[in-house]
Amino acid sequence: MQKRFYLSQTDKKIGGVCGGLGEYFNIDSLLVRAGFIAAFFCLGTGVMAYIILWLLAPKQPGY
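Conventions and cut-offs
Residues numbered from 1 in each chain as written. Predicted model: local features only at pLDDT ≥ 70, side-chain atom pairs only at ≥ 80, totals over all residues. Heavy atoms only, no water. Helix = DSSP H or I, 4+ residues; strand = E, 2+ residues; numbered from the N terminus. Buried < 20%, exposed > 50% of the residue type's maximum accessible area, 1.4 Å probe, protein only. Axes fitted to C-alpha atoms, helices over the stretch in contact; angles between N-to-C directions. Parallel < 35°, antiparallel > 145°, perpendicular 65-115°, else oblique. Left-handed = near helix turned anticlockwise from the far one by under 90°. Contact = heavy atoms within 4.5 Å.

Participant: Hey, could you go over unusual backbone geometry for me, with residue numbers and the actual values?
Facilitator: Despite not being glycine, Asn26 has its phi angle at roughly 60 degrees, a positive value. Along the polypeptide, Asn26 turns up in the loop between α1 (17-25) and α2 (29-42). Its relative accessible area of 68% is what places Asn26 among the exposed residues.

Participant: So what's going on with the packing of α1 against α2? Which residues, and what values?
Facilitator: Contact geometry for α1 and α2: axes closest at 8 Å, N-to-C directions at 125 degrees. Comparing the axis directions of α1 and α2 gives the class oblique. Like other packed secondary-structure pairs, α1 and α2 cross with a definite hand, here right-handed. Residues Val17, Cys18, Gly19, Leu21 and Gly22 of α1 form the contact with α2, whose participating residues are Ser29, Val32, Arg33 and Phe36.

Structure representation (C-alpha cells):
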C-alpha cells in the first residue's frame, strides 16, 4: 500500500497540515509546528508554505 500525505482530521490546530506531515513522516506534529514557526521567523516562508499545503492537500478519506 502506497503511503500518501493527507490533512489530519484528528491532530489539527488550524488546517491539519502539521498533523498530516507528522503522520506521514512518523514524527511528532509539535516538531513540524516548530519547524513552520522557525521557517516563518528565519526565512519568512512558513506561513506561505502552510497555506499552499492547506489548499492543495486532500483530506483524509473517511472523514
